[in-house]
Amino acid sequence: MALTIKEQLSSPGGFLKFLIKHNTIFIFIVLVLFSALISDVFFTSVNLSNLLKQVSGIGIISIGMLIVILTGGIDLSVGSMVALLAVTFAILVNTFILPLAILLTIVIGFSLGSVAGYLVAFQKMAPFIATLALMTIARGLGFIYAKGSPITFTTYGGLYMSDFANNSTLGIPNIAIVFFLIVICAMVMLRYNVFGRLIIAIGSNEEASRLSGIKVNKYKFLVYAISGALAATAAIIVASRTNLGSPNMGMAWELDAIAAVVIGGASLNGGKGTAINTLMGVLILGLISNILNLLNVPSYPQQVVKGAIIIFAVLLQKFESK
Amino acid sequence: MKTENSEYRVEMTGISKSFGVVSVLEGVNLRVKHGEIHALLGENGAGKSTLVKILSGVHQKDGGKVLLNGEELNLKNTHEGQVKGISVVYQELSLVNDLSVAENIYLHKLGANKFWMNWKKITKDAQELIDSLGFKIDASARVRDLSIVQKQVVEIAKALSEDTKVLVLDEPTTVFDPTDTQKLFDNLFRLKEKGISIIYISHHLEEIFKIADSITVLRDGVDTGCLPVSETDTDSIIRLMIGRELKDLYPVRNATVGAEPIFEVKNLTAKNNLVHNVSFSVKPGEVLGIAGLGGSGRTETAKLIFGAEKKKSGTLILNGKEIKTKTPVDAVGHQIGFVSEDRKEEGVFLPLSIRRNISVTNFRPISSRLGFLKVDKEYENVLDLIEKLNVKAPSSEVNVGNLSGGNQQKVALAKWLSVDSKVIIIDEPTRGVDVGAKVEIYNLINEVAEKGVGVVVISSDMPEIMGISDRIMVMHKGTFYGELTKDQFSEENILRYSIGKALKTT
């Protein structure tokens, strides 16, 4: 029911319910406060902008993952796609002028995503299987094209991109701005556009959608294609940050993206999830790594903590649905 | 045995139950004798299902007392209830699709105390049980491959596989046609002879008068009386159920029927041949009823027309022009609407709000060319329809899953009213819907017809289909067997055509 925040807070047990309902933001705030208390370095602009730079790539593919998950699907190929497309971009930027290289990379990303979309929507393949296959194909192709080693940017266009990716505007890293713009776009499309309405409808009841005259196949196809295009955008960003495209990039990123979307309260059955909460999920995951790094916790215990936080967040959502 | 110690098999007194702030039951009493069929009646949301779930152990009561054979009962879960001999057949089917019929029937016993399963014996026992009910189902078949009617039978067989003392049936006949219903009733009488107490929940009052010994009526969480069936009649039961007189169940038809058909179907045949050579036409303002037994191809015909199933051949003509409906998208494009019989799976989006449900069929009037929603217009349209259909909900933002069956059905209909449909096909318009909402839905169908829409109604409910149709086509074995004009309407005539017999000549 649409209650205002004030009404929610004043109803019996309201504060607790409010916390549970908005648990993602709650966890985020607690983590920020905790981080600020525990480390002096946390609230420095250097650290914060590092944090944002680190999450932007995964953040962008998480938005793609969100729209796929909203339809009830999953896209396991995005991590490998980032690798293949980063290599592709490195080759293209060394060959063509910059705008053309960017455009081509995104078009190729869209096309690769379309393959998954075609298999899922028109060949009725299980999303898990179709994108699993594409995951290994993309990774393999990445290594083939790169001949096993990273490809460094050599042209003026490439240097311009790496400048862009490592600098800030008004104190915010440029690549984070790209990420935030994508989040805002997704928010608008999901909330105020028919596109969002339809993919959520498909995710919550595919058969009812079909019998309501919705072009179910078209939209299922589109979400994978868009996810591919977003993987391309993420690839351009991560390649530009390091000035090279490597087939080792984006390793296991699909899992982080899924985790971010789930921490953001989305349902893997589809039909439930928002862009702003996915953003929170991305930031929460980023914050955890960041603070553990500041505390000099080695990377193996970090993985354990990350997993524990995912479980905690999802358990909290269980309370929400009760 | 303590069986004869008390007059009643089940005695529930002063039962109260609330979910959060919503109070569902407030001091309800229900007393069921040994070997009695006791009808539990009430509108949707009156608390029938909750009461039954307290009896079976799904929910725990907040207050009151439950006695079984005079002994107090405090069940913590359904397993304890089953051990005591309380079996429930719920409205929502609870079978495991990927297991066989036999495995489903004995699911609760699988892995009980033995390590190895005797599959042969289980399948044999299950087959005997089903055969004894008089239905034809292969016990080794997978549940997924069964029709909804067969699934319901399996559900009932499952409840009877135990040493059942109290059998609760929640709307068991909604999916049944008259022959199947009669078979079920015969079985219930047999069980009653054996001394089993049966609690029977139904919206079909005529059924109650056929089988029940006594009834208890619930209204808004309190019981409004328990009386023997012999001392009551339909009108007084309806008065107890809705608290007012209900004059005319079926509205007066005053739509002007056009001369030329708005929609014609010629020689429609399905790819799988389950439906063949179906031809009919419907005129603007006309309500055409399609009757027939379950499995006679009624729903399949509707889905064929709507493009939801594959056609082999056949012609569709809308307003004199031939149209093609390869997919539902095409059908909706030609302004044909379809309300499915399976409301929860195919009709509405349970986790989405009423607003999102209604808007889903037609975004054109409420969005810009780039697909951006004009939310003001959407609200206007949705609130208008909610008011017009009298959907009972606190706001348009309530999830449809939280509404009662009748209100869900209204939302499913509203979807097609927000588009200006030329033809609307409604499959089982009032399945699982209470009396009050039924009348509203009938009025709605009438209003839609008055606007010049061609309405096709498929229904297994004979009084209903005779009450609202101008003409009835009866299906038998996948094709139209005969047509009945208004003066020929009678249950007997519909049944004769349904089973492939000619009408009696008088």
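Note that the coordinates shown come from a computational prediction; the quantities given were computed from them, not determined experimentally.

Draft legend 1. Representation of the overall build of chain B. What chain B contains, in helices and strands, is 17 helices and 20 strands. If one aligns the C-alpha atoms of chain B with their principal axes, the spans along those axes are about 75 × 55 × 50 Å. The buried share among the 506 residues of chain B stands at 55%. Pairs at least 24 apart in sequence give 67% of the contacts found in chain B among residues at least 6 apart. For chain B, the accessible area works out to roughly 22300 Å², and carbon and sulfur atoms hold 49% of it.

Draft legend 2. Representation of the overall build of chain A in the model. Assigned secondary structure in chain A consists of 15 helices and four strands. For chain A, the C-alpha radius of gyration of 20 Å lies close to 20 Å, the compact-globule estimate for 322 residues. Considering only C-alpha atoms, chain A reaches an extent of 65 × 60 × 35 Å along its principal axes. With 322 residues in all, chain A has 52% of them scored as buried. Counting only contacts in chain A whose residues sit at least 6 apart along the sequence, the fraction spanning at least 24 positions is 77%. Between the averaged position of the 18 positive side-chain charges in chain A and that of its 9 negative side-chain charges there is a distance of 5 Å.

Draft legend 3. Molecular detail of the interface of chain B and chain A. Across the contact, 32 residues belong to chain B and 24 residues belong to chain A. Carbon and sulfur atoms supply 64% of the area that chain B and chain A bury against each other, a total of about 2200 Å² over both sides. A per-residue breakdown of the area chain B buries against chain A is headed by V329, F349 and R356 of chain B, which together make up 23% of the total. Linking chain B to chain A there are one salt bridge. Between E378 of chain B and R197 of chain A there is a salt bridge, with its nearest N and O atoms 2.7 Å apart. Where chain B meets chain A, there are ten residue pairs in polar contact (both at pLDDT 80 or more). In terms of residue class, the side of chain B that touches chain A is made up of 18 nonpolar, six polar and eight charged.

Draft legend 4. Main features of the packing of aromatic side chains. All names here are of chain B. For the structure shown, the criterion picks out twelve aromatic pairs over all chains. A centroid spacing of 5.8 Å and a plane angle of 65° characterise the contact between Y481 and Y497, whose relative ring orientation is edge-to-face. Taken as a pair, Y481 in strand β20 (residues 479-485) and Y497 in helix α17 (residues 491-498) lie far apart in primary sequence, 16 residues in all. Given a relative accessible area of 36%, Y481 falls into the partly exposed group. Y497 gets classed as buried once you look at its relative accessible area, which sits at 13%. Over the face of the ring belonging to F135 we find K183, whose NZ or CZ atom lies 4.7 Å from the ring centre.

Draft legend 5. Inspection of the packing of helix α5 (residues 78-93) of chain A against helix α6 (residues 98-122) of chain A at higher detail. Residues and elements named next belong to chain A. Their axes nearest at 9 Å, the elements α5 and α6 cross at an angle of 150°. With respect to each other, α5 and α6 are oriented roughly antiparallel. Every pair of crossing elements has a handedness; the one defined by α5 and α6 is right-handed. Every residue of α6 that contacts α5 at M81, L84, L85, T88, F89, L92 and V93 is listed here: L98, A101, I102, L104, T105, I108, G109, L112 and G113. Its residues placed into classes, the contact of α5 with α6 shows twelve nonpolar, four polar and no charged.

Draft legend 6. Fine view of the sheet that holds strand β12 (residues 278-282) of chain B. Residue and element names in this part refer to chain B. Here four strands make up an open sheet; going across it, the order is β12-β11-β14-β15 and the pairing antiparallel. Both edges of this open sheet fall to β12 and β15 (321-323), since each of them pairs with a single strand only. Looking at each pair of strands side by side, their axes are set apart by 20° on average, direction ignored. Strand direction decides the pairing type here: strand β11 (residues 263-270) and strand β14 (residues 311-318), joined by six bridges, are antiparallel. Bridging across to β14, T269 finds its partner in S313.

Draft legend 7. The arrangement of a nonpolar patch on the surface in detail. Together, L181, I184, V188 and Y192 of chain A together with L370 and F372 of chain B make up an exposed nonpolar region whose accessible area comes to about 570 Å². Looking at where F372 of chain B falls in the secondary structure, it is placed in the loop between α12 (354-359) and α13 (375-389).

Draft legend 8. Spotlight on the side chain of S35 of chain A. Residue and element names in this part refer to chain A. Its place among the elements puts S35 in helix α3 (residues 23-38). Among the residues examined, S35 registers a relative accessible area of 0% and is labelled buried. If near-sequence neighbours (up to four positions away) are discounted, S35 is found in contact with F42, L287 and I291.

Draft legend 9. Representation of the nonpolar core within the structure. Residues I61, M65, V82, F89, I199, I214 and I284 of chain A are the most contacted members of the largest nonpolar core, which totals 100 residues. Beyond its immediate sequence surroundings of up to four residues, M65 of chain A is in contact with I74, D75, V78, S227, E254, A257, I258 and V261 of chain A. Ranked by size, the runner-up nonpolar core spans 66 residues in total, among them V398, L417, V455 and V457 of chain B.

Draft legend 10. Examining helix α15 (residues 435-450) of chain B more closely. Residue and element names in this part refer to chain B. Over its 16 residues, α15 extends 23 Å from the first C-alpha to the last, a length consistent with the 22 Å expected when each residue adds 1.5 Å. For α15, the set of buried residues is V435, G436, A437, K438, V439, I441, Y442, L444, I445, N446, V448 and A449. Positive backbone phi, at 95°, marks G452, one or two positions downstream of α15.

Draft legend 11. The arrangement of unusual backbone geometry in detail. Although it is not a glycine, N296 of chain A sits at a positive phi angle of roughly 60°. With respect to the element layout, N296 of chain A can be found in the loop between α14 (275-294) and α15 (299-321). For N296 of chain A, a relative accessible area of 66% translates into the label exposed. Located in the positive-phi region is N390 of chain B, a residue other than glycine, with phi close to 55°. Within the secondary structure layout, N390 of chain B lies in the loop between α13 and α14 (405-417).

Quick notes on the rules
- Residues numbered from 1 in each chain as written.
- Chains lettered and ligands numbered in written order.
- Predicted model: local features only at pLDDT ≥ 70, side-chain atom pairs only at ≥ 80, totals over all residues.
- Heavy atoms only, no water.
- Helix = DSSP H or I, 4+ residues; strand = E, 2+ residues; numbered from the N terminus.
- Buried < 20%, exposed > 50% of the residue type's maximum accessible area, 1.4 Å probe, protein only.
- Contact = heavy atoms within 4.5 Å.
- Areas by Shrake-Rupley, 256 points an atom, 1.4 Å probe, with all protein chains shown as cover.
- Rg over C-alpha atoms; globule rule 2.2 N^0.38 Å.
- Lys, Arg positive; Asp, Glu negative; His and termini not counted.
- Charge placed at Lys NZ, Arg CZ, Asp CG, Glu CD.
- Buried area = accessible area lost by both parts, 1.4 Å probe.
- Salt bridge = Lys/Arg side-chain N within 4 Å of Asp/Glu carboxyl O.
- Polar contact = N/O pair within 3.5 Å; in protein donor to acceptor, adjacent residues only side chain to side chain.
- Nonpolar A, V, L, I, M, F, W, Y, C, P; charged D, E, K, R; others polar.
- Phe/Tyr/Trp six-rings, centres within 6.5 Å; stacked < 30°, edge-to-face > 60°.
- Lys NZ or Arg CZ within 6 Å of the ring centre and 35° of its normal.
- Axes fitted to C-alpha atoms, helices over the stretch in contact; angles between N-to-C directions.
- Parallel < 35°, antiparallel > 145°, perpendicular 65-115°, else oblique.
- Left-handed = near helix turned anticlockwise from the far one by under 90°.
- Pairing = 2+ DSSP bridges.
- Patch = residues over 30% accessible without salt bridge, like charges linked within 9 Å, V, L, I, M, F, W, Y side chains within 5 Å.
- Core = buried A, V, L, I, M, F, W, Y, C linked by side-chain atoms within 4.5 Å.
- Expected span 1.5 Å × (residues − 1).

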